[in-house]
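# Structure assessment
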Amino acid sequence: MQTARLLAEIDARRDGLIALTQSLIRIPTLNPPGLNYRDICDFLAARLTAAGFSTRLIRAYGTPGDSDAHPRWNLIARIEGAAPGDCVHFNSHHDVVEVGHGWTRDPFGGAIEGDRIYGRGACDMKGGLAASIIAAEAFIATHPDFRGSIELSATADEESGGFGGVAYLAEQGAFAHVQHVIIPEPLHKDRICLGHRGVWWAEVETFGRIAHGSMPFLGDSAIRHMGAVLHQIETVLYPLLASKHTAMPVVPEQARQSTLNINSVHGGEAEPDPDYTGLPTPCVADRCRIILDRRFLIEEDIAQVKAELTALLETVKAQRPGFTYEVRDLFEVQPTLTDRDAPVVRTTAAAIERVLARQAQYVVSPGTYDQKHIDRIGRLHNCIAYGPGLLHLAHQPDEWIGIQDMTDSAKVMALVLADLLG
Ligand SMILES: [Zn+2]
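Per an unreviewed UniProt entry, the recorded name for the chain is Probable succinyl-diaminopimelate desuccinylase, and the organism is Rhodobacter ferrooxidans. Taken directly from UniProt, the Catalytic activity (unreviewed entry) text for the chain runs: "N-succinyl-(2S,6S)-2,6-diaminopimelate + H2O = (2S,6S)-2,6-diaminopimelate + succinate". Per UniProt, the comment on the chain under Pathway (unreviewed entry) is "Amino-acid biosynthesis; L-lysine biosynthesis via DAP pathway; LL-2,6-diaminopimelate from (S)-tetrahydrodipicolinate (succinylase route): step 3/3."

Attention now moves to the overall build of the chain. For the chain, the helix and strand inventory stands at ten helices and 16 strands. Its C-alpha atoms give the chain a radius of gyration of 24 Å, within 12% of the compact-globule value 22 Å for 422 residues. Counting only C-alpha atoms, the chain reaches 85 × 45 × 40 Å along its principal axes. In the chain, which comprises 422 residues, the share counted as buried stands at 45%. Of the contacts made within the chain by residues no fewer than 6 positions apart, 81% connect residues no fewer than 24 positions apart.

Attention now moves to the domain arrangement of the chain. Here the chain is partitioned into domain 1 (2–196 + 335–421) and domain 2 (200–332). Relative to domain 2, the C-alpha centre of domain 1 lies at a distance of 37 Å. Each partner contributes to the interface: domain 1 provides six residues, whereas domain 2 provides nine residues. No other element matches the three residues that strand β14 (residues 361–365) contributes to the side of domain 1 that touches domain 2. Partitioning the side of domain 1 that touches domain 2 into residue classes produces six nonpolar, no polar and no charged.

On to the environment of Arg 328. Structurally, Arg 328 can be placed in strand β12 (residues 325–333). Here the alpha-carbon distance between Arg 328 and Val 345, two residues 17 residues apart in the chain, equals 38 Å. For Arg 328, the residues in contact, after removing those within four places along its chain, are Ala 202 and Glu 203.

In terms of strand pairing, strand β3 (residues 83–93) meets strand β6 (residues 147–155) through eight bridges, oriented parallel. From the neighbouring strand, Ala 83 faces β6, where its bridge partner is Arg 147. By the bridge criterion, three bridges tie β3 to strand β7 (residues 180–183) in an arrangement that is parallel. For His 89, the partnering residue across the bridge sits in β7 and is Val 181.

The strand order across the open sheet formed by four strands is β10-β11-β9-β12, and the pairing between neighbours is antiparallel. For this open sheet the edge positions go to β10 (259–267) and β12, each flanked by a neighbour on one side alone. Ignoring which end each strand starts from, the neighbouring axes of this sheet average 15 degrees apart.

The subject of this paragraph is helix α4 (residues 122–142). An ideal rise of 1.5 Å per residue puts 30 Å on 21 residues; α4 measures up with 28 Å between its terminal C-alpha atoms. Taken across its 21 residues, α4 has 20 buried, putting it largely inside the fold.

The residues that UniProt annotates with the feature "domain: Peptidase M20 dimerisation" (unreviewed entry) are residues 195–318. End C-alpha to end C-alpha, residues 195–318 measures 40 Å, and it is 31% helix and 25% strand.

The subject of this paragraph is the nonpolar core. As a rule of thumb, nonpolar side chains are buried together in soluble globular proteins. Judged by nonpolar contacts, the single largest core of 97 residues is most densely connected at Ile 134, Ala 135, Ile 384, Ala 414 and Leu 417. Residues from two domains meet in this core; each of domain 1 (2–196 + 335–421) and domain 2 (200–332) gives at least three. Residues contacting Leu 417, with those up to four places away along its chain left out, are Val 88, Ala 135, Ala 136, Phe 139 and Ile 150. Listed in part, the eleven residues of the second largest apolar core include Val 229, Leu 237, Val 284 and Ala 285.

All right, on to the sheet that holds strand β4 (residues 112–113) then. Reading across from one edge, β4-β5-β16 is the order of the three strands in this open sheet, with antiparallel pairing throughout. Pairing within the sheet leaves two strands with one partner each, and these edge strands are β4 and β16 (400–402). Sheet analysis places strand β5 (residues 116–118) next to β16, joined by three bridges and oriented antiparallel. For Arg 116, the partnering residue across the bridge sits in β16 and is Gly 402. Those strands touched by α4 are β5 and β16, and its axis lies near 45 degrees from that of β16. Strand contacts of helix α10 (residues 403–421): β5 and β16, with the helix running at about 60 degrees to β16, the strand carrying the most contacts.

Looking now at the packing of helix α8 (residues 343–356) against α10. Packing of α8 against α10 leaves a shortest axis separation of 9 Å and a crossing angle of 130 degrees. As judged from the angle between their axes, α8 and α10 are oblique. Crossing geometry of α8 relative to α10 is assigned as right-handed. Packed against α8, whose contacting residues are Thr 347, Thr 348, Ala 350, Ala 351, Ile 352, Arg 354, Val 355 and Leu 356, the element α10 presents Asp 408, Lys 411, Val 412, Leu 415, Val 416, Asp 419 and Leu 420 at the interface. Taken together, the residues of the contact of α8 with α10 break down into nine nonpolar, two polar and four charged.

Rules and cut-offs
Residues numbered from 1 in each chain as written. Predicted model: local features only at pLDDT ≥ 70, side-chain atom pairs only at ≥ 80, totals over all residues. UniProt positions renumbered as here; feature names shortened; annotations may be inferred. Helix = DSSP H or I, 4+ residues; strand = E, 2+ residues; numbered from the N terminus. Rg over C-alpha atoms; globule rule 2.2 N^0.38 Å. Buried ≥ 20, exposed ≤ 12 C-beta atoms within 10 Å, placed from the backbone. Contact = placed C-beta atoms within 7 Å. Domains from an automatic or database assignment. Nonpolar A, V, L, I, M, F, W, Y, C, P; charged D, E, K, R; others polar. Pairing = 2+ DSSP bridges. Axes fitted to C-alpha atoms, helices over the stretch in contact; angles between N-to-C directions. Expected span 1.5 Å × (residues − 1). Core = buried A, V, L, I, M, F, W, Y, C linked by C-beta atoms within 7 Å. Parallel < 35°, antiparallel > 145°, perpendicular 65-115°, else oblique. Left-handed = near helix turned anticlockwise from the far one by under 90°.

What follows is the structure in structure tokens.
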């Protein structure tokens, strides 16, 4: 009975959900450099204060990218129930990536066409943020004497690692009293994302000796040395990675193995300024650098991942006189996987079945998101990503979110609240 009322309450708030999503899209929170973070936090604080939440604005002073010109603002809103109980926390990032080319709609207009709302961040993840707010408001309206507490956070910089957002809040103990976390990233309304693969970014540099390009035999080309490294990666490492499969249900399926991307290659003379009209100079390259992005599996150990690359470089060294190299660690994230029996997973799966009349799918993300900080710094393992939107639309031109998908996801989130706090 109360469930039917709750679902009807979400339907009744459909126009409010649309308007809220549009308002969020119309605040261009571009990252980089980190625009309008304060504006979106102020907007949400006003909205949630009116709904009975107490709000805290938190600037992540001194984190990467934080400056007086582009302060890293975060918002945490909290409402207490009528009796003690668990705390359910919805965490959304409020930043969006650059617009890019190829748009046929205003990226910050929030235009509606049929069942879709268009805009940068519509699916990743302002639609999910709006759905969680509507879910919480509808739940509070229909369950005024709920137990425990509800928190909603809007955090900075997920798209650039989350250090000025969830990582900072976790370090401040913001998740110490939280029992359940849902991150409404666009994994789609019938899928529960349990975690993500691991990441290791490294820079590899090879060295040579500069000489005149007409007499390359007097120098030693760092680019040719790097060519040998790339050849080894192509012929030895890629087949090895393709043979490593995971039991993690990663989507898309091609990511259900170890992968490697070579993000960039830079060797020899630096790129000239765009307005330079002269020719390059004839020099043998004495430096060449590549950036590697290795994604690893829960079955792999990061020490073993690093040792694989070292072994490869040592093989090249044994084959090439004068070959020297350096490897620099840039960034690493451990894989994370929430247990299928965790309370937030079981509750969400039951709610999906109820709203959509089909079984929930369990997935793992190929890339990382803020769950890593909640898991590692916050030490909370009862955390999932669940929200509306199609992951492949994220970061694309003409990004959109489906209104029906948002409504259905809001119903699922509201039922999760009713189950955990009702
Ligand atoms: Zn996102």
